[in-house]
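Per-entry structural report
Here are the chains, one letter per residue:
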Amino acid sequence: MRLSPLPADHWDDAARDAVAGMLPEERRNPRDAGNLLATLVHHPKLTRAFLRFNGYLLYGSTLPPRIRELVILRVAHRRGCAYEWTHHVTLGKRVGLSDADIAAAQSGEAIDEFDRAALAAVDELDEKTNLSDATWTTLSERLDEQQRMDLIFTIGGYTALAMALNTFGVEVEPER
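As recorded in an unreviewed UniProt entry, the protein chain goes by Carboxymuconolactone decarboxylase and comes from Mycobacterium fragae.

Attention now moves to the domain arrangement of the protein chain. What the domain assignment reports for the protein chain is domain 1 (8-59) and domain 2 (62-165). In total, domain 1 and domain 2 occlude about 890 Å² of area from one another, counting both sides; carbon and sulfur atoms represent 67% of this. On the domain 1 side of the interface with domain 2, the three residues burying the most area are Leu36, Leu57 and Leu58, jointly 55% of the side's total. Put simply, domain 1 and domain 2 have zero salt bridges between them. Counting across the interface, domain 1 meets domain 2 through four residue pairs in polar contact (both at pLDDT 80 or more). Counting residues per element, the ones that place at least two in the side of domain 1 that touches domain 2 are α2 (34-40) and α3 (44-60). Looking at the side of domain 1 that touches domain 2, the element that brings in the most residues is α3, giving six residues. Residues of the side of domain 1 that touches domain 2, tallied by class, amount to six nonpolar, two polar and no charged.

Listed as buried for helix α6 (residues 99-107) are Asp101, Ile102, Ala104 and Ala105. Looking down the long axis of α6, one finds its buried residues gathered within 155° of arc, a one-sided arrangement. Opposite the packed face of α6, turned more than 90 degrees from it, sit the exposed residues Asp99 and Ala100. Summarising the contacts, the buried residues of α6 are in contact with α4 (65-79), α5 (82-94) and α7 (113-128). Looking at the residues trailing α6, positive phi occurs at Gly108, about 85°.

The subject of this paragraph is the UniProt feature "domain: Carboxymuconolactone decarboxylase-like" (unreviewed entry) in the protein chain. Per the UniProt record, "domain: Carboxymuconolactone decarboxylase-like" (unreviewed entry) is found at residues 44-126. Secondary structure across residues 44-126 comprises 82% helix and 0% strand; the distance between its end C-alpha atoms is 29 Å.

The next thing to look at is the environment of Tyr59. Mapped onto the fold, Tyr59 is located in helix α3. The class for Tyr59 is exposed, based on a relative accessible area of 63%. When the C-alpha atoms of Tyr59 and His88 are compared, they prove to be 14 Å apart, with 29 residues separating the residues in sequence.

In this structure the tally under the stated criterion is twelve salt bridges. Among the ionic pairs, Arg31 bridges to Asp32, the shortest N-O distance being 3.4 Å. Asp99 is the salt-bridge partner of Lys93, the closest N and O atoms lying 3.6 Å from each other. Judged by its relative accessible area of 46%, Lys93 falls in the partly exposed class. Connected through salt bridges with shared partners, the residues Arg74, Arg78, Arg79, Asp123, Asp126 and Glu127 form a single ionic network.

Below, the discussion takes up the layout of surface pockets. Its boundaries defined by the atoms lining it, the largest pocket holds a volume of some 930 Å³. Lining of the largest pocket is provided by 31 residues; of these, Arg27, Ala33, Tyr83, His87 and Glu173 occupy positions nearest its centre. Secondary-structure elements contributing two or more residues to the lining of the largest pocket are α2, α3, α5 and α9 (145-168). With eight residues, α5 is the single largest residue contributor to the lining of the largest pocket. Taken together, the residues of the lining of the largest pocket break down into 16 nonpolar, seven polar and eight charged.

Bringing the environment of Thr47 into the picture now. Summarising the element assignment, Thr47 is placed in helix α3. Sequence separation between Thr47 and Ala15 is 32 residues; the distance between their C-alpha atoms is 8.7 Å. Leaving out residues up to four positions away in the same chain, Thr47 has contacts with Ala18, Val19, Leu40 and Val41. A polar contact of 2.5 Å, which involves the side chain of Thr47, links it to the backbone oxygen of Leu40.

Scoring rules and cut-offs
Residues numbered from 1 in each chain as written. Predicted model: local features only at pLDDT ≥ 70, side-chain atom pairs only at ≥ 80, totals over all residues. Heavy atoms only, no water. Domains from an automatic or database assignment. Buried area = accessible area lost by both parts, 1.4 Å probe. Salt bridge = Lys/Arg side-chain N within 4 Å of Asp/Glu carboxyl O. Polar contact = N/O pair within 3.5 Å; in protein donor to acceptor, adjacent residues only side chain to side chain. Helix = DSSP H or I, 4+ residues; strand = E, 2+ residues; numbered from the N terminus. Nonpolar A, V, L, I, M, F, W, Y, C, P; charged D, E, K, R; others polar. Buried < 20%, exposed > 50% of the residue type's maximum accessible area, 1.4 Å probe, protein only. Arc of directions from axis to C-beta. Contact = heavy atoms within 4.5 Å. UniProt positions renumbered as here; feature names shortened; annotations may be inferred. 1 Å grid on protein atoms, 1.4 Å probe; cavity = no way out; pocket = protein on both sides within 12 Å on 5 of 7 lines; lining within 4 Å. Points joined across faces, edges and corners; volume = space filled by probe spheres on them.

Take a look at the structure:
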């Protein structure tokens, strides 16, 4: 672990305010914030800005939640990000991902053509920072313009988060 969660005696108003957009007041502390947020608050201004963007991707995006979680899992798998993977398997199941869908996020091979295109979008953006015309066309069959934009930013946002999680060494919380 390169950057540990901010110790309780260092949590101040700036740290609590930084996570206010994501957590209710009773969870704005190092024990209940989780390792990710408790680590990010080392830099409150960055945390606040990032959480606003990430909060949009997670709660305000036009992207269907099932597709959002499928691509986040693909990002987590490609980036070897255990923290992101663990949390989003749980979230994915809540929005209807099956065990087969979760396995597809690992292999990149889904039965459904649209799901394959969503997974391919992660791979193509990771490899070339661009989508092929074929992938864009397939995505266009079910996603409107804003949803496709949200897809690109979801993949990019969660790629950046995976980089931070892996680099900082954020550990998955033990089950309580």
